[in-house]
Amino acid sequence: MAEKLKFFDLKAKKYYETDQYEVVVRETKRGKIKIAFAVSPYTGKKFARILGPAK
């Protein structure tokens with residue numbers, strides 16, 4: 001079971017906590033980073049949270 005992460009819904013201006021998210025590794029100018037994407041229960045839109053550098 002994945003740990004719960006806190007996300008912020010920009011439209012509703014509210015935080016929400018969920019364990020239903022998808023982790024993606026993206027390449028940037030500074031290297032690879034891990035980003036978690038989750039759907040907000042308030043608006044149904046997808047929001048992201050940066051988790052840190054990927055190893």
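Residues numbered from 1 in each chain as written. Predicted model: local features only at pLDDT ≥ 70, side-chain atom pairs only at ≥ 80, totals over all residues. Heavy atoms only, no water.

**Overview of the pairing of strand S2 (residues 14–18)**
Spelled out, the test is: Here, strands pair whenever DSSP counts at least two bridges between them. Numbered from the N terminus, helices here are DSSP runs of H or I no shorter than four residues, and strands are runs of E no shorter than two.
As paired strands, strand S1 (residues 5–9) and S2 are joined by 5 bridges and run antiparallel to one another. In the sheet register, phenylalanine 7 faces S2, and the bridge partner there is tyrosine 16. The antiparallel pairing of S1 with S2 creates a hairpin that spans 4 residues between the two strands, and lysine 13 there sits at a positive phi of about 55°.

**Structural notes on the nonpolar core**
Rule in force here: In this description, a nonpolar core means a group of buried Ala, Val, Leu, Ile, Met, Phe, Trp, Tyr and Cys residues linked to one another through side-chain atoms lying within 4.5 Å. Note on classification: 1.4 Å probe, protein chains only; a residue is buried when its accessible area is under 20% of the maximum for its type, exposed when over 50%, partly exposed between these limits. What makes two residues a contact is simply this: any of their non-hydrogen atoms within 4.5 Å.
If you look at the biggest cluster of nonpolar residues, it comprises 6 residues: Leu5, Phe7, Tyr16, Ala36, Ala38 and Phe47. Ignoring anything within four residues of it in the chain, the contact list for tyrosine 16 reads Leu5, Lys6, Phe7, Phe8, Asp9, Ala38, Val39, Ser40, Pro41, Tyr42 and Phe47.

**Notes on the sheet that holds strand S4 (residues 31–39)**
The criterion, for reference: Lines fitted to C-alpha atoms define the axes, with helix axes restricted to the stretch in contact, and inter-axis angles between N-to-C directions lie between 0 and 180 degrees.
Read across the open sheet, the 3 strands follow the order S3-S4-S5; overall the sheet is antiparallel. Of all the strands in the sheet, just strand S3 (22–28) and strand S5 (46–53) have a single pairing partner and so form its edges. Going from strand to strand, the sheet's axes swing by 35° on average, the running direction of each strand aside. Note: S3 against S4, 7 bridges, orientation antiparallel. Across the sheet, residue valine 25 finds its bridge partner in S4, namely lysine 34.

**Quick notes on the packing of aromatic side chains**
Applicable threshold: Any two of the Phe, Tyr and Trp rings considered here, Trp counted by its six-membered ring, make a pair once their centres fall within 6.5 Å; the pair's planes then place it as stacked at under 30 degrees, edge-to-face at over 60, or tilted in between. Should the NZ of a Lys or the CZ of an Arg lie within 6 Å of a ring centre and within 35 degrees of the ring normal, that charge is described as sitting over the ring.
Within this structure, the stated rule accounts for 4 aromatic pairs. Aromatic pair phenylalanine 7 and tyrosine 16: ring centres 5.7 Å apart, planes at 20°, arrangement stacked. Its relative accessible area of 1% is what places phenylalanine 7 among the buried residues. The exposure class of tyrosine 16 is buried, given its relative accessible area of 5%. With a centroid separation of 6.3 Å and an interplanar angle of 50°, the aromatic rings of phenylalanine 7 and tyrosine 21 are classed as tilted. Here phenylalanine 7, found in strand S1, pairs with tyrosine 21, found in the loop between S2 and S3; they are 14 residues apart in sequence, far enough to count as distant. The partly exposed category is assigned to tyrosine 21, whose relative accessible area is 22%. Of the aromatic side chains, those joined through ring pairs into one cluster are Phe7, Tyr16, Tyr21 and Tyr42. We note lysine 6 situated over the ring of tyrosine 15; from NZ or CZ to the ring centre the distance is 5.3 Å. Between the NZ or CZ atom of lysine 14 and the centre of the ring of tyrosine 42, over which it lies, the distance is 4.9 Å.

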